[in-house]
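Here's the letter readout for the chains.
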Amino acid sequence: MLDLEVVPERSLGNEQWEFTLGMPLAQAVAILQKHCRIIKNVQVLYSEQSPLSHDLILNLTQDGIKLLFDAFNQRLKVIEVYDLTKVKLKYCGVHFNSQAIAPTIEQIDQSFGATHPGVYNSAEQLFHLNFRGLSFSFQLDSWTETPKYEPNFAHGLASLQIPHGATVKRMYIYSGNSLQDTKAPMMPLSCFLGNVYAENVDVLRDGAGPSGLRLRLLTAGCGPGVLADAKMRVFERCVYFGDSCQDVLSTLGSPHKVFYKSEDKMKIHSPSPHKQVPSKCNDYFFNYFTLGVDILFDANTHKVKKFVLHTNYPGHYNFNIYHRCEFKIPLAIKRDSTDSQTETCTTYSKWDNIQDLLGHPVEKPVVLHRSSSPNNTNPFGSTFCFGLQRMIFEVRKAYLAKRRDGALDLVGLK
């Protein structure tokens with residue numbers, strides 16, 4: 001049984017690890033993977049049909065804990081303990097829930113002190129008791145009568161007419177005063193761990209099409225000193241097509257990984273003279289996982305030839321390898337009666353909307369299959385790649401078949 005410290009409006013954890021509000025999804029998953037012998041039976045819950053309308057959830061079924069991540073920025077928004085019998089909880093080093101200590105209302109009063117009058121939800125038959133950044137829900141179905149709520153008389157827990165021995169059914173940790181209005185906070189400094197993250201990425205373009213990227217980057221804790229003295233730094237960097245490998249290294253720093261292409265699966269779609277020319281060396285990618293960006297270099301010239309921007313939608317084969325890239329791509333729209341206009345494609349644009357702006361592709365899409373080995377199958381299925389305006393839009397098959405307005409999973413610029 002896990003023994004965890006509750007910090008209202010901040011975290012739930014112990015000396016080895018901590019789930020912190022504002023933490024990126026990838027870091028929470030990394031904690032679960034590192035401690036897989038202790039934390040078992042973890043479910044990933046998301047909406048396949050509408051991934052942006054519901055939170056992304058990591059459900060620790062063995063421990064009765066849910067981690068709710070914002071569907072857009074994929075940062076931890078709410079920590080819910082829905083089964084207090086499966087976990088030990090303490091506040092300021094003192095247990096208020098364990099096998100020997102029941103989380104009764106008297107125990108909560110003793111551990112946390114008085115608070116504002118609570119709210120009774122008759123539909124759920126739950127009484128919600130709220131502190132700043134922390135809420136408790138008490139089960140009422142075993143009570144003989146509904147508690148009388150008198151706001152003019154209530155001055156703390158003792159004045160609320162709640163039967164003795166009522167126990168906590170659920171506990172929530174969140175940011176702010178209201179669980180219903182809470183939002184995922186900014187990523188705390190303790191989660192940077194020396195990495196650089198992209199706040200947003202703007203695609204630069206000239207008359208011919210995309211010309212490069214402008215990245216607004218965030219970093220913290222770089223250099224000597226304790227973490228409490230660290231401050232977040234914001235700065236911008238630009239990379240362009242034709243930049244050398246050394247240019248990219250000096251602009252963005254070392255990549256997390258360098259990947260050499262063993263084969264070019266798209267070569268068959270090139271003009272016929274290029275198909276027959278054997279490759280003497282392989283193109284290679286710089287993978288920047290925390291930026292959500294890949295940069296492809298030509299094997300002969302060692303210059304940038306393609307950018308790949310990852311949206312990190314659940315259900316994609318590469319989900320949780322990259323952080324979500326918050327990109328904006330200006331699209332040149334030609335109207336019949338007016339001059340060309342500019343619209344913007346974002347991380348959350350739907351494929352049908354892109355086609356309405358740019359027109360339907362003339363050629364059929366390329367079907368892209370991904371698997372870890374030739375004998376394995378991809379449980380998420382293949383994807384379709386459409387080429388428009390020197391860009392490749394990769395769209396998930398599930399959305400095309402079921403909704404026809406699927407969100408973009410990945411965008412390649414070349």
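Each remark here, short or long, concerns the structure printed above.
So, here is what we can say about the structure in this document. (Residues numbered from 1 in each chain as written. Predicted model: local features only at pLDDT ≥ 70, side-chain atom pairs only at ≥ 80, totals over all residues. Heavy atoms only, no water.)

Some points on helix H1 (residues 25–34)
Counted only if it meets this: When a residue's accessible area, from a 1.4 Å probe over protein chains only, is under 20% of the maximum for its type it is buried; when over 50% it is exposed; and in between it is partly exposed. Labels follow the DSSP assignment, with helices taken as runs of H or I lasting at least four residues and strands as runs of E lasting at least two, numbered in each case from the N terminus. By definition in these notes, contact holds between two residues if any of their heavy atoms fall within 4.5 Å.
Buried within H1 we find Leu25, Gln27, Ala28, Val29, Ile31 and Leu32. For H1, the elements touching its buried residues are strand E3 (18–20), strand E4 (42–45), strand E5 (56–60), strand E6 (65–69) and strand E14 (197–205).

Things to note about the side chain of His323
Relative to the assigned elements, His323 resides in the loop between strand E20 (304–310) and strand E21 (327–333). Among the residues examined, His323 registers a relative accessible area of 16% and is labelled buried. Ignoring anything within four residues of it in the chain, the contact list for His323 reads Pro24, Ala26, Tyr197, Phe289, Thr290, Gly292, His310 and Asn312.

Thoughts on the nonpolar core
Rule in force here: Here, nonpolar core means buried Ala, Val, Leu, Ile, Met, Phe, Trp, Tyr and Cys residues that are tied together by side-chain atoms lying within 4.5 Å of each other. How far each domain reaches was decided by an automatic or database domain assignment.
Residues Phe19, Leu67, Leu89 and Phe136 are the most contacted members of the largest nonpolar core, which totals 46 residues. Looking at which domains feed residues into this core, each of domain 1 (2–143 + 163–174) and domain 2 (192–413) gives three or more. Beyond its immediate stretch of four places on either side in the chain, Leu67 contacts Phe19, Ala28, Leu56, Ile57, Leu58, Leu60, Leu76, Val78 and Ile79. By size, the runner-up hydrophobic cluster in this structure holds 36 residues, among which are Phe235, Val293, Leu388 and Phe393.

As for the pattern of salt bridges
The condition is simple: For this analysis, a salt bridge means a side-chain nitrogen from Lys or Arg found within 4 Å of a carboxyl oxygen belonging to Asp or Glu.
Applying the stated criterion to the full structure yields 10 salt bridges. A salt bridge links Lys305 to Asp298; its shortest N-O distance comes to 3.8 Å. You can call Lys305 partly exposed: its relative accessible area is 35%. By sharing partners, the salt bridges in this structure join Asp283, Asp298 and Lys305 into a single network.

Details of the sheet that holds strand E15 (residues 210–219)
Filter applied, for reference: Strands were regarded as paired on the criterion that DSSP finds at least two bridges between them. Geometry is summarised by axes, namely lines fitted to C-alpha atoms with helices restricted to the contacting stretch, and by angles between N-to-C directions that run from 0 to 180 degrees.
Taken in spatial order, the 5 strands line up as E16-E15-E14-E21-E22 in an open sheet, and their pairing is mixed. Looking at which strands have only one partner, the edges of the open sheet turn out to be strand E16 (233–240) and strand E22 (341–346). Here the average twist between neighbouring strands, direction ignored, is 20°. One ladder, built from 8 bridges, connects E15 with E16; its direction is antiparallel. Residue pairing across strands places Thr219 opposite Arg233, the latter belonging to E16. On top of the sheet, helix H5 (residues 351–358) reaches E21 and E22; it is set at about 30° to E21, its chief contact.

Side note on the pairing of strand E12 (residues 134–139)
For E12, the tally of buried residues reaches 6 of 6 residues, placing the bulk of the element in the interior. The alternating pattern of E12 places Leu134, Phe136 and Phe138 on one face and Ser135, Ser137 and Gln139 on the opposite face, and all of these are buried. Relative to E12, strand E11 (residues 126–131) runs antiparallel, the two sharing 6 bridges. When the bridges of E12 are listed, Leu126 appears paired with Gln139. Where E11 folds back onto E12 in an antiparallel hairpin, the turn is made up of 2 residues, including Gly133, whose phi is positive at roughly 75°. Inspection of the sheet shows E12 paired to strand E13 (residues 168–173) by 5 bridges, in the antiparallel sense. Bridge pairing links Ser137 to Arg170 in E13.

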